[in-house]
Each structure stands twice: as structure tokens, then as C-alpha cells.
Amino acid sequence: GEDVEQSLFLSVREGDSSVINCTYTDSSSTYLYWYKQEPGAGLQLLTYIFSNMDMKQDQRLTVLLNKKDKHLSLRIADTQTGDSAIYFCAESGSSASKIIFGSGTRLSIRP
Amino acid sequence: DAGITQSPRHKVTETGTPVTLRCHQTENHRYMYWYRQDPGHGLRLIHYSYGVKDTDKGEVSDGYSVSRSKTEDFLLTLESATSSQTSVYFCAISDTGNTNTEAFFGQGTRLTVV
């Protein structure tokens, strides 16, 4: 079945870049997402990429997709304390399919 | 913000009692989901629905049942609550047929089983 995997924790120094990685198994994935969850809140969409793209940049965020290896990454440049959160990778296939989430990566920022 | 509300937001219940959590949406989205979130396990899918009366199991469905009698409501029931079901529960909705199948999440329900 479909599966999305990501590591549970990442710690970076303030001002450095954060790279959060994700792998997925569904070769028919059409949309790949990154969601952010701040403490005490639900998940909110951060950015997404279509499977026919290999990169998407949005201000400090860069999403890289390696479709051959089924690997997705989120790079946050100049990481700030406000970036502390849990980041979820997710994928969906065709327009008739549900969204599958990874277990989330907790990003912590050290001074 | 997408119109999705969960109730109650907090609940404390005793082991062995039944509990029902409600998710209500005003977006007319097809898919509705129930997740639980636990430290060290991240977000895990309990059940989901792809239409009225159409539901399917997720990866941690044991001890839970769901019902969807109307598009806007998705109920999660714990028939006999156990301490292992202490968790934060999130409802989510998503649509199909659009160019982006973004999922929207509720604010969560913190359930404590004592």
C-alpha cells in the first residue's frame, strides 16, 4: 500500500538551512505536499509540488522532488525560531484518491 | 480558513465509557479523515470517508468506528475507551476534481482516558 516516511526529529542552528527529507512509495503520486503544524494547532499547508516538476521555490522555501527515487525534500533557508514546528510530508495520487501523510518531522532551532 | 470544526475540543473520560467525537464541515468536501497524533508516532490515520456512508479503515482502526450519514458530519466513536486511546485527534477534509487536493485540518480534540 501507499506509505510516506520521514525522520521524526531535526535540530538546526538559527540562521542555518534546514533540510527535511521524505520518501514515498506510490509511483502514481500526482501531488506532493509539505504541511506545518505549530504547537497546539492543526496542520496547515505550507507548499506543494506537482509530480511533473522537480523543483519549486517560494521565498525561503525550496521543494525538491526526485521522482525516480520517490524522494521529496523541503529546504528552509535562514532558519528562524518561528520555524520551530512539526513538518509533514504528504502525497496524493489521482484526483479520486485520499491524501497520505508521513508521521512528521519535529524541527527544533538552537541558538 | 476552511469551515471545519471539531467538538468537543477537550474531553476527559473514564476507561470503559463510550466516546463520540464530531467533525463538521461547511465546504462540501468529499473526503473526511480522522487522525490521532501521539509523541513518537506522528500522525496516524484511523478511518476515512470518501462519501456519505462510504468509509474505510486506516492504519490504527482497532477500537474505533466511524459514521458519515451526511456530507458535512463525520463521527468517530470509541465504543469502550482505553487509556491507550488518550491522544490528540484531528479531523481533516479534502476535495477531488480540483487542481489541488489540499487537506484542511480542524484544531484538534484532546482526549484523556483515565
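Everything that follows concerns the structure shown earlier in this document.
Let us look at the structure shown here. All figures in this text were calculated on a predicted structure; none of them were measured in a lab. (Residues numbered from 1 in each chain as written. Chains lettered and ligands numbered in written order. Predicted model: local features only at pLDDT ≥ 70, side-chain atom pairs only at ≥ 80, totals over all residues. Heavy atoms only, no water.)

**A few points about the overall build of chain A**
Right, on to step 1. When helices and strands are tallied, chain A shows zero helices and 11 strands.
Right, on to step 2. Listing the helices and strands of chain A from first to last along the sequence gives β-β-β-β-β-β-β-β-β-β-β.
Right, on to step 3. Against the globule reference of 13 Å for 111 residues, chain A gives a C-alpha radius of gyration of 13 Å, in line with a compact fold.
Right, on to step 4. Along the first, second and third principal axes, the C-alpha set of chain A runs to 45 × 30 × 20 Å.
Right, on to step 5. Long-range pairs, those at least 24 residues apart, make up 56% of the contacts in chain A with a sequence separation of at least 6.
Right, on to step 6. When the accessible surface of chain A is summed, it comes to about 5400 Å², and 47% of that surface belongs to carbon and sulfur atoms.
Right, on to step 7. Distance between charge centres in chain A, computed from 11 positive and 13 negative side chains, equals 2 Å. (Helix = DSSP H or I, 4+ residues; strand = E, 2+ residues; numbered from the N terminus. Rg over C-alpha atoms; globule rule 2.2 N^0.38 Å. Contact = heavy atoms within 4.5 Å. Areas by Shrake-Rupley, 256 points an atom, 1.4 Å probe, with all protein chains shown as cover. Lys, Arg positive; Asp, Glu negative; His and termini not counted. Charge placed at Lys NZ, Arg CZ, Asp CG, Glu CD.)

**What about the sheet that holds strand β7 (residues 64–70) of chain B?**
All names here are of chain B.
Right, on to step 1. Here four strands make up an open sheet; going across it, the order is β1-β3-β8-β7 and the pairing antiparallel. Here the strands that pair on one side only, and so sit at the sheet edges, are β1 (4–7) and β7. Direction aside, neighbouring strands of the sheet carry axes that sit 15 degrees apart on average.
Right, on to step 2. For strand β3 (residues 19–25) and strand β8 (residues 73–78), the ladder comprises six bridges, and the chain directions are antiparallel. Within β8, the residue paired with His24 across the bridge is Asp73. (Pairing = 2+ DSSP bridges. Axes fitted to C-alpha atoms, helices over the stretch in contact; angles between N-to-C directions.)

**Side note on the pairing of strand β9 (residues 85–92) of chain A**
All names here are of chain A.
Right, on to step 1. When you tally the buried positions in β9, you get eight out of eight residues, the bulk of the element.
Right, on to step 2. Neither face of β9 is open: one carries Ala85, Tyr87, Cys89 and Glu91, the other Ile86, Phe88, Ala90 and Ser92, and all of them are buried.
Right, on to step 3. Bridging between strand β4 (residues 31–37) and β9 involves seven bridges; their strand directions are antiparallel. If you follow Tyr33 over to β9, its bridge partner there is Ala90.
Right, on to step 4. Looking at chain direction, β9 and strand β10 (residues 99–101) are connected through three bridges and run antiparallel. By the bridge assignment for β10, Glu91 is matched with Ile100. (Buried < 20%, exposed > 50% of the residue type's maximum accessible area, 1.4 Å probe, protein only.)

**Some words on the interface of chain A and chain B**
Right, on to step 1. Taken together, the contacts link 23 residues of chain A with 24 residues of chain B.
Right, on to step 2. Where chain A abuts chain B, roughly 1800 Å² becomes buried across the two surfaces, and 53% of that area is made up of carbon and sulfur atoms.
Right, on to step 3. At the boundary of chain A with chain B, the tally comes to zero salt bridges.
Right, on to step 4. Summed over the shared surface of chain A and chain B, the result is four residue pairs in polar contact (both at pLDDT 80 or more).
Right, on to step 5. Counting residues per element, the ones that place at least two in the side of chain A that touches chain B are β4, β5 (43–50), β9 and β10 of chain A.
Right, on to step 6. Grouping the constituent residues of the side of chain A that touches chain B by class yields 14 nonpolar, eight polar and one charged. (Buried area = accessible area lost by both parts, 1.4 Å probe. Salt bridge = Lys/Arg side-chain N within 4 Å of Asp/Glu carboxyl O. Polar contact = N/O pair within 3.5 Å; in protein donor to acceptor, adjacent residues only side chain to side chain. Nonpolar A, V, L, I, M, F, W, Y, C, P; charged D, E, K, R; others polar.)

**Regarding unusual backbone geometry**
Right, on to step 1. In this model, Ser7 of chain B is joined to Pro8 of chain B through a cis peptide bond whose omega is -10 degrees.
Right, on to step 2. Here Pro8 of chain B is to be found in the loop between β1 and β2 (10–13).
Right, on to step 3. Of note, the phi angle at Asp78 of chain A is positive, near 50 degrees, even though the residue is not glycine.
Right, on to step 4. The residue Asp78 of chain A is located in the loop between β8 (71–76) and β9 in this model.

**As for the environment of Glu14 of chain A**
All names here are of chain A.
Right, on to step 1. By the element assignment, Glu14 lies in the loop between β2 (9–13) and β3 (18–24).
Right, on to step 2. Here Glu14 falls in the partly exposed class, since its relative accessible area comes to 37%.
Right, on to step 3. Considered as a pair, Glu14 and Gln80 are 66 residues apart in the sequence and their alpha carbons are 5.5 Å apart.
Right, on to step 4. In contact with Glu14, not counting residues within four places along its chain, are Thr79, Gln80, Thr81, Ile109, Arg110 and Pro111.

**Regarding the sheet that holds β3 of chain A**
Residues and elements named next belong to chain A.
Right, on to step 1. Taken in spatial order, the five strands make up an open sheet running β1-β3-β8-β7-β6, and their pairing is antiparallel. Strands with a single pairing partner mark the edges of an open sheet, and in this sheet they are β1 (4–5) and β6 (55–58).
Right, on to step 2. Bridging between β3 and β8 involves six bridges; their strand directions are antiparallel. Paired with Ser18 across the strands is Ile76, a residue of β8.

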